[in-house]
Amino acid sequence: MCSGFAVLLLLLTQNRCLLGQMCSTIDKFVNVRGILENTRIKTEPFMTSRSVGLMSCLRSCATYSLCNAFNFQDSSGTCELQREAVMDENIEDFNGYLTSNLSSWTNKDINYCQNHMCGYNAICEPRLNSYICTVIGCFDSAEPFANKTTFTKKIYDFGDIVDTPCQGDYYTNVTVQCSVAGTWTPFTCYPYQQVRNCKYLHEQCNPTLTDDEYWLYPPSQNGVRTKVYCHNMQTVDPEAFITLNEHNFASKSIYVYDESCLKIKADDVTISTNALGVTAFMKINFAPGTGVVRDDYTFAITNHSVQSFGTAGDCVDDSYKCTPLGNFLINLSGTGLIVDPDISWVADSASSEVTTINDENRVISGTCGKGCSGCSPSSTIKLVPDPNNRPPIESAIRPICTL
Ligand SMILES: *[C@@H]1O[C@H](CO)[C@@H](O)[C@H](O)[C@H]1NC(C)=O
Ligand SMILES: *[C@@H]1O[C@H](CO)[C@@H](O)[C@H](O)[C@H]1NC(C)=O
Ligand SMILES: *[C@@H]1O[C@H](CO)[C@@H](O)[C@H](O)[C@H]1NC(C)=O
Ligand SMILES: *[C@@H]1O[C@H](CO)[C@@H](O)[C@H](O)[C@H]1NC(C)=O
Ligand SMILES: *[C@@H]1O[C@H](CO)[C@@H](O)[C@H](O)[C@H]1NC(C)=O
């Protein structure tokens, strides 16, 4: 202990340069207790300044309650103030840097600011034989549901606004700004309401909302936040849809085969009497209470006759050995939902051939047909949460109830 201090004092008195700025000093500190050479703390500094000398970097650290250690780069005079003390776990080798705990230095080096009592949002300024605290910004918040990480990331400047002051499932209705007094605009973090469907959203939560994507909590999804498109929001009967990001279609093919398996268009009578056609779906109608997909073609495009979601068929002669022409594709990627795993695809009649490919109930495709029939789901298609493919939080609105 004594010898360490002796070396330090010796260096301080012998080397005038230390008390000034911008001089190469690292070499002379090699043996000083507490300084690690060619090393730095790798965590993000809460403050960085350039073109300062070692002593002024040290004193800068001493002025902040937040500062426990500093990195100093001799060649550039870069001074990085660190919240964490120097420890084996947070340092890395880095040529030209040195790092040191503030506690390794004496009051003599840092004037009256050692052990000062200034707040985290203030700096200590030495005076003749004491110090004063000068508020320089805002730091931390006492609001219990504030995002701590955000508020303690740095000392915010006067006038700074915090974008998302609350934790993930909370919101505030005020703009949270740092005042010149070093305090934040008073705010409360409220939990987001868990709205169950579009009708409730319009009638009981916020009547001004328009058709859009919203995060809702449909009873069928067991508390899982679900991305729902609310349609007809400014009417008495808003409805829920799921927006499909990928190609989704159902077809009862308007083509058939000739004897040599060459594809030819069926005649108009066959097309109309058997309701052949193809439907592409952009959104599907969703019942929030049950999770069921309803037959609805509001957001679909059809050629000839409409085809139900997840069905396929054709009027290929069932005596032909050609593969069926009807097909469907369900691709729920990016919706956050999958088809209930209990559902399978079954033949509509004894004549139909059914081939399906199912990828995690998220992407299901089928080739079905023969004899003016095909395949359809074993029961009404029901959607359940997709554990592995959630849409990004910013892709829909988290509604705030005003009623
Ligand atoms: C810095 O301070 C920490 C915590 O007080 C201590 O564990 C560590 O050994 C010190 N490191 C150096 C290099 O002085
Ligand atoms: C706090 O905000 C950061 C980003 O600013 C985010 O990554 C983190 O998840 C948030 N923490 C909580 C508890 O919401
Ligand atoms: C924020 O919400 C609170 C409580 O509902 C209310 O008293 C206050 O007026 C609201 N402030 C603004 C700016 O909307
Ligand atoms: C309907 O027919 C048109 C013209 O042949 C075609 O471009 C379009 O892709 C078809 N629509 C569907 C849903 O297959
Ligand atoms: C389904 O969508 C995913 C995501 O875009 C894509 O990678 C995949 O190829 C699609 N599957 C089919 C069969 O179209």
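Residues numbered from 1 in each chain as written. Chains lettered and ligands numbered in written order. Predicted model: local features only at pLDDT ≥ 70, side-chain atom pairs only at ≥ 80, totals over all residues. Heavy atoms only, no water.

Caption draft 1: Structural view of the site of ligand 1. Around ligand 1 sit Ala85, Val86, Asn101 and Ser104, and those are all the residues in its vicinity. Here valine 86 contributes a backbone N or O atom positioned 3.4 Å from a nitrogen atom of ligand 1. Side-chain polar atom of asparagine 101 to an oxygen atom of ligand 1: 2.3 Å apart, as the coordinates give it. Out of a free accessible area of 360 Å², ligand 1 has 48% covered by protein chains. (Near = heavy atom within 4 Å. Polar contact = N/O pair within 3.5 Å; in protein donor to acceptor, adjacent residues only side chain to side chain. Areas by Shrake-Rupley, 256 points an atom, 1.4 Å probe, with all protein chains shown as cover.)

Caption draft 2: Spatial organisation of the domain arrangement of the protein. By the assigned domains, the protein splits into domain 1 (17–130), domain 2 (137–191) and domain 3 (194–403). Between domain 1 and domain 3, the C-alpha centre-to-centre distance is 63 Å. (Domains from an automatic or database assignment.)

Caption draft 3: Summary view of the nonpolar core. Counting residues in hydrophobic clusters, the biggest one holds 34 residues, and the most contacted among them are Leu201, Ile284, Ile330, Val339, Trp345 and Leu383. Per-element accounting of this core gives the leading share, three residues, to helix α5 (residues 198–205). With residues near it in sequence (within four places) discarded, tryptophan 345 still touches Gly310, Phe328, Ile330, Val339, Val354, Thr356, Ile364, Cys375, Ser376, Pro377 and Ile381. Within the second largest apolar cluster, 23 residues are counted, among which are Phe46, Val52, Leu81 and Phe139. (Core = buried A, V, L, I, M, F, W, Y, C linked by side-chain atoms within 4.5 Å. Buried < 20%, exposed > 50% of the residue type's maximum accessible area, 1.4 Å probe, protein only. Helix = DSSP H or I, 4+ residues; strand = E, 2+ residues; numbered from the N terminus. Contact = heavy atoms within 4.5 Å.)

Caption draft 4: Seen up close, the side chain of lysine 283. Structurally, the position occupied by lysine 283 is in strand β19 (residues 283–286). In terms of polar contacts, lysine 283 uses its side chain to reach the side chain of threonine 243, at 3.0 Å. When near neighbours in sequence (up to four residues on either side) are disregarded, lysine 283 contacts Glu213, Tyr229, Phe241, Ile242, Thr243, Leu244 and Phe299.

Caption draft 5: Seen up close, the state of the cysteines. In the structure shown here, the tally under the stated rule is eleven disulfides. A sulfur-sulfur distance of 2.1 Å marks the disulfide that ties cysteine 205 to cysteine 401. Looking along the S-S bond of the cysteine 205-cysteine 401 disulfide, the torsion reads about -100°, which is the left-handed sense. Of this pair, cysteine 205 sits in helix α5 while cysteine 401 sits in the segment after β29 (383–385), and the two are 196 residues apart along the sequence. For cysteine 205, a relative accessible area of 0% puts it in the buried group. (Disulfide = S-S within 2.5 Å.)

Caption draft 6: Up close: the sheet that holds strand β13 (residues 226–231). Strand order in the open sheet formed by five strands is β12-β13-β14-β19-β20, and the pairing between neighbours is antiparallel. This sheet does not close on itself; its edge strands, each paired only once, are β12 (212–216) and β20 (293–294). Where β13 meets strand β14 (residues 239–243), three bridges bridge the pair, whose relative direction is antiparallel. Looking across to β14, one finds that cysteine 230 is bridged to alanine 240. Set on the sheet, α5 makes contact with β12, β13 and β14; between it and β13 the angle comes to about 70°. (Pairing = 2+ DSSP bridges. Axes fitted to C-alpha atoms, helices over the stretch in contact; angles between N-to-C directions.)

Caption draft 7: View of the environment of aspartate 169. Relative to the helices and strands, aspartate 169 resides in the loop between β8 (161–162) and β9 (170–171). On the basis of relative accessible area, aspartate 169 is assigned to the partly exposed category, the value being 45%. With 44 residues separating them along the chain, aspartate 169 and glutamate 213 place their C-alpha atoms 18 Å apart. Leaving out residues up to four positions away in the same chain, aspartate 169 has contacts with Tyr190, Pro191, Tyr192, Arg225 and Arg398.

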